[in-house]
Amino acid sequence: MAKFLRITWHEMMVYNRSYNMIFYNAQFLILSLLCLLFVYPGNQNLSTLGCVFLIAGIPISSIATSKAIIKNDLEDGSIALYLLSMNITEIVMCKFCALLICNAVAFLTSLPVITLLYSLSLHQIFLLLSVSLLFVQISALSLLISCVESYFRSNVNFISSIIVPLILPGLIISGLIMHSSINYHIGISALTGITLIITPIALICSGYLIRNIYNI
């Protein structure tokens, strides 16, 4: 367990040194919402619209900053080094947890700024925090897309574009929760169910691709 935590922490530090993942993700979310603030001035539903837009912006920023993490690790031999003391499943879980923490920290870092800009109520902040299950799906799918782009040599963009729509069910449910268009408990239950289906599949497929890269 101690080794797992050390590697996860190391991966998170590498992501932020190499890709500035937390900084760029938070910057993207804040700048996107600033643009929305000026595009729709005086809109009474602006705070709700901003929350939904924030949720939609999280997967865009996450996928954009994490697409190269596996490819770069393959090129510099980091994964081969990990394989000396860890199995594929442990490596995948470390990378997934590091991505999840980076996404969560970027969101929490930008949340106070967004709260001030959009004058969010405590209820809206609570709803935003409650749909954080979306981070789990996004982190797992971001890792899978990164593995796909490292494994396949042709039609990479086409294959990645097939994976991206898997984010939509979670986004739709989260948007309905933020708009109060669906019962809160039903929405959270649906989001939990989607997460429990998509996340294991994405992690298993990621491990399968890495395993085949090394012919293990």
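Look up a bit, the structure's there.
Enquirer: Looking at this structure, how should I read the overall build of the chain?
Expert: Counting secondary structure elements, the chain contains 11 helices and zero strands. Mapped in sequence order, the helices and strands of the chain form the string α-α-α-α-α-α-α-α-α-α-α. For the chain, whose C-alpha radius of gyration is 18 Å, the value lies close to the compact-globule estimate of 17 Å for 216 residues. In terms of overall dimensions, the chain has a C-alpha envelope of 55 × 40 × 35 Å along the principal axes. Residue burial in the chain is summarised as follows: out of 216 residues, 48% are buried. Long-range contacts, defined here as pairs at least 24 residues apart, represent 79% of the contacts in the chain between residues at least 6 apart. In the chain, the 8 positive side-chain charges and the 6 negative ones have mean positions that sit 2 Å from each other.

Enquirer: Mind showing me how you'd approach the packing of aromatic side chains here?
Expert: For any pair of aromatic rings, the description consists of the separation of the ring centres together with the inter-plane angle of the planes. Taken as a whole and judged by the stated rule, the model has three aromatic pairs. Here Phe-23 and Tyr-24 contribute two aromatic rings whose centre-to-centre distance is 5.4 Å and whose plane-to-plane angle is 65°, an arrangement assigned as edge-to-face. Taking the relative accessible area as the measure of exposure, Tyr-24 reaches 38% and is therefore partly exposed.

Enquirer: Please clarify how a nonpolar patch on the surface should be interpreted in this entry.
Expert: Taken together, the side chains of Leu-168, Ile-172 and Leu-176 present a nonpolar region at the surface, about 250 Å² in accessible area. In this structure, Leu-168 sits in helix H10 (residues 168-178). With a relative accessible area of 44%, Leu-168 lands in the partly exposed category.

Enquirer: Can you walk me through helix H3 (residues 46-66) in this structure?
Expert: Along an α-helix, residues three or four apart share an orientation, since each turn contains 3.6 residues. For H3, spanning 21 residues, the distance from its first C-alpha to its last is 30 Å, which sits close to the expected 30 Å at 1.5 Å a residue. Of all 21 residues in H3, 15 are buried, a share of seventy percent or more.

Enquirer: Would you take a moment to explain helix H11 (residues 184-213) for this structure?
Expert: Between its first and last C-alpha atoms H11 spans 43 Å; for 30 residues at 1.5 Å apiece the expected length is 44 Å, and the two agree. Capping the start of H11, Asn-183 holds a side-chain oxygen 3.0 Å from the backbone nitrogen of His-185, two or three residues further along. Immediately beyond the C-terminal end of H11, within one or two residues, lies Asn-215, with a positive phi of roughly 55°.

Enquirer: Is there a simple way to think about the nonpolar core in this case?
Expert: Nonpolar side chains in soluble globular proteins tend to end up buried together. Counting residues in hydrophobic clusters, the biggest one holds 64 residues, and the most contacted among them are Tyr-15, Ile-69, Leu-128 and Leu-143. With 14 residues, the single largest contributor to this core is helix H6 (residues 88-118). Once residues within four sequence positions are removed from consideration, Ile-69 is found in contact with Tyr-15, Tyr-19, Met-21, Leu-99, Leu-143 and Ser-146.

Enquirer: How do you make sense of the environment of Ile-210 when you look at a structure like this?
Expert: Secondary-structure assignment places Ile-210 in helix H11. Look at Ile-210 and you get buried, because its relative accessible area is 1%. Taking C-alpha positions, Ile-210 is 9.7 Å from Thr-89, a pair spaced 121 residues apart along the chain. When residues no more than four places from it in sequence are discounted, the contact partners of Ile-210 are Ile-70, Ile-79, Ile-88, Val-92 and Cys-147.

Enquirer: What should I look at first to understand the pattern of salt bridges in this one?
Expert: Close approach of charged atoms lets side chains of opposite charge pair. Scanning the model with the defined rule gives two salt bridges in all. In this structure, Glu-11 engages Lys-95 in a salt bridge whose closest nitrogen and oxygen atoms are separated by 2.7 Å. Taken together, the residues Glu-11 in helix H1 (residues 2-18) and Lys-95 in helix H6 connect sequence positions 84 residues apart. The exposure class assigned to Glu-11 is buried, which follows from its relative accessible area of 3%. Across the pair Lys-95 and Asp-73 runs a salt bridge whose closest N-O atoms are separated by 2.2 Å. Taken together, the residues span a long stretch of sequence, with Lys-95 in helix H6 and Asp-73 in helix H4 (residues 69-76) at a distance of 22 residues. Look at Lys-95 and you get buried, because its relative accessible area is 1%. You can call Asp-73 buried: its relative accessible area is 7%. A single salt-bridge network, built from bridges that share partners, covers Glu-11, Asp-73 and Lys-95.

The rules we used
- Residues numbered from 1 in each chain as written.
- Predicted model: local features only at pLDDT ≥ 70, side-chain atom pairs only at ≥ 80, totals over all residues.
- Heavy atoms only, no water.
- Helix = DSSP H or I, 4+ residues; strand = E, 2+ residues; numbered from the N terminus.
- Rg over C-alpha atoms; globule rule 2.2 N^0.38 Å.
- Buried < 20%, exposed > 50% of the residue type's maximum accessible area, 1.4 Å probe, protein only.
- Contact = heavy atoms within 4.5 Å.
- Lys, Arg positive; Asp, Glu negative; His and termini not counted.
- Charge placed at Lys NZ, Arg CZ, Asp CG, Glu CD.
- Phe/Tyr/Trp six-rings, centres within 6.5 Å; stacked < 30°, edge-to-face > 60°.
- Patch = residues over 30% accessible without salt bridge, like charges linked within 9 Å, V, L, I, M, F, W, Y side chains within 5 Å.
- Areas by Shrake-Rupley, 256 points an atom, 1.4 Å probe, with all protein chains shown as cover.
- Salt bridge = Lys/Arg side-chain N within 4 Å of Asp/Glu carboxyl O.
- Expected span 1.5 Å × (residues − 1).
- Polar contact = N/O pair within 3.5 Å; in protein donor to acceptor, adjacent residues only side chain to side chain.
- Core = buried A, V, L, I, M, F, W, Y, C linked by side-chain atoms within 4.5 Å.

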